Protein chains: 2
Amino acid sequence: MGSITTSKSDSTTERVTDSYSTRLLARQNLITNTSGLAPGSLQANLLILPSRYAQDFHSLCLRNSVPCPLLGIIPPGNPHIVSPAPCIQHPDFDVRTDFPQYRVYRGGKQIASTKDLTELYTEDHVGFLLGCSFSFEDALCEAGLTPRHQTTGRVVAMYRTKVPLMPAGVFSEACMVVSMRPYKPTDVERVREVTRPYGATHGEPVAWGWDGAERLGIRDIEVPDWGEAQVFEEGEVPVFWACGVTPQLAVEMAGEKIEGLVFAHEPGNMLVTDWTAGDLEALKEKSGFALPM
Amino acid sequence: MGSITTSKSDSTTERVTDSYSTRLLARQNLITNTSGLAPGSLQANLLILPSRYAQDFHSLCLRNSVPCPLLGIIPPGNPHIVSPAPCIQHPDFDVRTDFPQYRVYRGGKQIASTKDLTELYTEDHVGFLLGCSFSFEDALCEAGLTPRHQTTGRVVAMYRTKVPLMPAGVFSEACMVVSMRPYKPTDVERVREVTRPYGATHGEPVAWGWDGAERLGIRDIEVPDWGEAQVFEEGEVPVFWACGVTPQLAVEMAGEKIEGLVFAHEPGNMLVTDWTAGDLEALKEKSGFALPM
């Protein structure tokens, strides 16, 4: 790692080493779920498309930054770099292997699941890394608001909503997907506050309470569209966050409008990046769009 | 203007002079509608709030960039500057007077309309300039797709939708407002293409067709919530764009949660800025989030 980390503080070096090791484990197919690995490191969702759809997908992210928070782009012809933001700092990186598991789509339908994209990825493919809610879950745990699915060992519940995404090119009929965690009504404001700063990884909830569920068009909280139903304790209400499954649903809903192979991460099998939430905050300030006061 | 424009090209100088003159006319209360003035100059919507709500409103814009496209911020204590992006280049600027007409809100209700905020604006107020659809209407006209309300001399039709905004702090129950222009179904793809590049001023439509109207929750196209009903020619369908009235509705829906006076522009009475669409494009590239290919 030499030249890359010598100018960094020891803690940054440790962090990058830790996230890099985790990526190597993924590359060697030795892990199948990244939840809880390399604590503090941001994890990323993935979508890879043929280049002719890259502009549309890029616009979809910018127009729907809460469900599709863009972290970085892997330009065509080089699966080893992330541009423009260096959320991967170690030079040994390969988007085709460093996620534990990938989904393969054609015509909007998943046709395969694989641990390695090397044979399928072409010079024409463009990759997009997107923020993941694992990041703000660490913060909830630290605040004593541990998400229920972590204490029960279930997969978080995810629902398709009727909230339309802002259309972008071929992605014109997609809807937002949300994840749900039960909380007491008296904890909702605190839950909002704790997750609000994580603006690049879905941020604060998009709806809460039973009226919130209705507004999203969720009919039966016991029947999630992905993941597992959650255990509600007495008096608890659902709290919903935008979910990184949204881009995959957008690809499914674009269907035959997309020609060629599309790849995504298998849910739960994320990329462990070299960034923390602090790096994102610094990026926001650098972009000149932090609140100047 | 001296030092500000000597390094600019002649066309930029002319443009800035033209937009500055228009602002001076507004300051002197000599105009009441900015539609069609200073062609090519971006026009801006306005929202001014007490500083304690500035962070929440800023987040609302970043989380809902299509209906609330942030152009610049007027920091507390100085109504003469726009930060960080220089969409006002002439040093003689006053956000309290350079819009033709303002609305005054208290507790979510409009309580007055005024041509001058000098007496009401305090050192604690923070201003937000937001993109306006007048910008992409120029482009539609140039493409031979002149919006109907321009040829009929009506005010554009605006509707409250049931699409929830992504909540941000006190702004937790707002909905998107849309403007509507009728087009032939065969023109919709072209209309989308022409307005797509105007990403910082609402960009491409958010819905179209009668099924699009239904998805937005618009029950009667003949009864807009603001503006005037539009004339449909045979076979035409409605095309909807996100609308700059959205932030005002967000303030109304926050109601008593906001203490103190809030100000907004009176619809149709915008700020004529010194920017063109090209300046916005350059800003996007500078921020490092243009598509790197």
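Residues numbered from 1 in each chain as written. Chains lettered and ligands numbered in written order. Predicted model: local features only at pLDDT ≥ 70, side-chain atom pairs only at ≥ 80, totals over all residues. Heavy atoms only, no water.

Per an unreviewed UniProt entry, chain A goes by DUF1445 domain protein and derives from Aspergillus hiratsukae. Per its UniProt entry, chain A bears the Sequence similarities (unreviewed entry) comment "Belongs to the D-glutamate cyclase family." (UniProt positions renumbered as here; feature names shortened; annotations may be inferred.)

Residue and element names in this part refer to chain A. Each assigned domain of chain A is listed here: domain 1 (10–134 + 256–285) and domain 2 (136–246). Distance between the C-alpha centres of domain 1 and domain 2: 22 Å. Between domain 1 and domain 2, the contact holds 26 residues from the first and 24 residues from the second. Across the interface of domain 1 and domain 2, roughly 2100 Å² is buried in total on both sides, 63% from carbon and sulfur atoms. Among the residues domain 1 hides against domain 2, the three largest losses belong to Pro67, Ser133 and Lys257. Together they make up 25% of the total. Counting across the domain 1 and domain 2 interface gives zero salt bridges. At the boundary of domain 1 with domain 2, the tally comes to nine residue pairs in polar contact (both at pLDDT 80 or more). Looking at the side of domain 1 that touches domain 2, the elements that each hand over two or more residues are strand 1 (43–50), helix 3 (54–63) and helix 9 (277–286). Per-element accounting of the side of domain 1 that touches domain 2 gives the leading share, five residues, to helix 3. Considered class by class, the residues forming the side of domain 1 that touches domain 2 number 16 nonpolar, six polar and four charged. (Domains from an automatic or database assignment. Contact = heavy atoms within 4.5 Å. Buried area = accessible area lost by both parts, 1.4 Å probe. Salt bridge = Lys/Arg side-chain N within 4 Å of Asp/Glu carboxyl O. Polar contact = N/O pair within 3.5 Å; in protein donor to acceptor, adjacent residues only side chain to side chain. Helix = DSSP H or I, 4+ residues; strand = E, 2+ residues; numbered from the N terminus. Nonpolar A, V, L, I, M, F, W, Y, C, P; charged D, E, K, R; others polar.)

Residues and elements named next belong to chain B. Between helix 4 (residues 134–142) and helix 6 (residues 188–195), the shortest axis-to-axis distance is 9 Å and the interhelical angle comes to 130°. In terms of axis orientation, helix 4 runs oblique to helix 6. Crossing of helix 4 over helix 6 shows right-handed handedness. Across the interface between the two elements, Phe136, Ala139 and Leu140 from helix 4 touch Val191, Val194 and Thr195 from helix 6. Within the contact of helix 4 with helix 6, the residues separate by chemical class into five nonpolar, one polar and no charged. (Axes fitted to C-alpha atoms, helices over the stretch in contact; angles between N-to-C directions. Parallel < 35°, antiparallel > 145°, perpendicular 65-115°, else oblique. Left-handed = near helix turned anticlockwise from the far one by under 90°.)

Counting across every chain of the model gives twelve aromatic pairs over all chains. Aromatic pair tyrosine 159 of chain A and phenylalanine 240 of chain A: ring centres 6.2 Å apart, planes at 80°, arrangement edge-to-face. One end of the pair, tyrosine 159 of chain A, is in strand 6 (residues 157–164); the other, phenylalanine 240 of chain A, is in strand 9 (residues 237–242), and 81 residues separate them in sequence. Taking the centre distance of 5.2 Å and the plane angle of 25° together, the rings of phenylalanine 136 of chain B and tryptophan 241 of chain B count as stacked. Placement of the pair is phenylalanine 136 of chain B in helix 4 and tryptophan 241 of chain B in strand 9 (residues 237–242), with a sequence separation of 105 residues. You'll find phenylalanine 136 of chain B and tryptophan 241 of chain B in the same group, each marked buried. Through pairs of rings, three or more aromatic residues link up here, namely Phe57, Phe128 and Phe171 of chain A. (Phe/Tyr/Trp six-rings, centres within 6.5 Å; stacked < 30°, edge-to-face > 60°. Buried < 20%, exposed > 50% of the residue type's maximum accessible area, 1.4 Å probe, protein only.)

What follows covers the pattern of salt bridges. On inspection of all chains with the given rule, the structure shows 22 salt bridges over all chains. A salt bridge links arginine 103 of chain A to glutamate 266 of chain A, with the nearest nitrogen and oxygen atoms 3.0 Å apart. Note that arginine 103 of chain A is positioned in strand 3 (residues 102–106) and glutamate 266 of chain A in the loop between strand 10 (261–265) and strand 11 (271–272), a separation of 163 residues in sequence. Here glutamate 204 of chain B and arginine 192 of chain B are joined by a salt bridge, their closest N and O atoms 2.7 Å apart. Of the two residues, glutamate 204 of chain B sits in the loop between helix 6 and strand 8 (207–208) while arginine 192 of chain B sits in helix 6, which places them twelve residues apart along the sequence. This pair shows no difference in class: glutamate 204 of chain B is buried, exactly as arginine 192 of chain B is. The network of salt bridges with common partners includes Glu189, Arg192, Arg196 and Glu204 of chain A.

When chain B is brought onto chain A, the operation consists of a screw motion whose angular component is 180° and whose axial shift is 0.0 Å, with 0.0 Å RMSD remaining. Overall, the copies show the geometry of a two-fold rotation axis. (Least-squares fit on C-alpha atoms with pLDDT ≥ 70 in both.)

Right, let's get into the nonpolar core. In this structure, Phe171 and Phe240 of chain A together with Phe171 and Phe240 of chain B are the most contacted members of the largest nonpolar core, which totals 82 residues. Ignoring sequence-local partners within four residues, the contact set of phenylalanine 171 of chain A consists of Leu49, Tyr53, Asp56, Phe57, Leu60, Ala250, Val251, Ala254 and Ile258 of chain A. (Core = buried A, V, L, I, M, F, W, Y, C linked by side-chain atoms within 4.5 Å.)

Residues and elements named next belong to chain A. Along helix 6 (residues 188–195), the positions that sit buried rather than exposed are Val188, Val191, Arg192, Val194 and Thr195. Buried residues in helix 6, looked at end-on, bunch into an arc of 165°, giving them a common side. Looking at the buried residues of helix 6, the elements they touch are helix 4 (134–142), strand 7 (175–183), strand 8 (207–208) and strand 9. (Arc of directions from axis to C-beta.)

The next subject is the sheet that holds strand 8 of chain A. Residue and element names in this part refer to chain A. One open sheet holds the four strands; their spatial order is 6-7-9-8, and the pairing between them is antiparallel. Lying at the two open borders of the sheet, with one neighbouring strand each, are strand 6 and strand 8. Across the sheet, helix 7 (residues 209–216) is in contact with strand 6, strand 7, strand 8 and strand 9; its angle to strand 9 comes to roughly 45°. The sheet contacts of helix 8 (residues 246–254) involve strand 6 and strand 7, and relative to strand 7 the element is tilted by about 145°. (Pairing = 2+ DSSP bridges.)

What follows covers the side chain of aspartate 98 of chain A. All names here are of chain A. Residue placement: aspartate 98 occurs in the loop between strand 2 (70–74) and strand 3. The exposure class assigned to aspartate 98 is buried, which follows from its relative accessible area of 1%. In terms of polar contacts, aspartate 98 uses its side chain to reach the side chain of arginine 27, at 2.7 Å. Ignoring sequence-local partners within four residues, the contact set of aspartate 98 consists of Arg23, Ala26, Arg27, Asp92, Phe93 and Leu271.

This part covers the sheet that holds strand 6 (residues 157–164) of chain B. All names here are of chain B. The strand order across the open sheet built from four strands is 6-7-9-8, with neighbouring strands paired in antiparallel fashion. With partners counted over all chains shown, the strands left at the sheet margins are strand 6 and strand 8, one partner each. As judged from the six bridges shared by strand 7 (residues 175–183) and strand 9, these two strands associate in the antiparallel manner. When the sheet's bridge partners are listed, tyrosine 183 is paired in strand 9 with valine 237. Along the sheet, helix 4 contacts strand 7 and strand 9; its crossing angle with strand 7, the most-contacted strand, is approximately 15°. Its contacts with the sheet place helix 6 against strand 7, strand 8 and strand 9, and it is angled at close to 15° to strand 9.

What follows covers the pairing of strand 6 of chain A. All names here are of chain A. The buried fraction of strand 6 is high, at six of eight residues. Sheet topology places strand 6 next to strand 7; five bridges connect them, and they run antiparallel. Paired with arginine 160 across the bridge in strand 7 is valine 177.

Let us now look at the side chain of glutamate 137 of chain A. Here glutamate 137 of chain A is to be found in helix 4. Those residues in contact with glutamate 137 of chain A that lie beyond four places of it in its chain are Pro147, His149, Gln150 and Arg181 of chain A.

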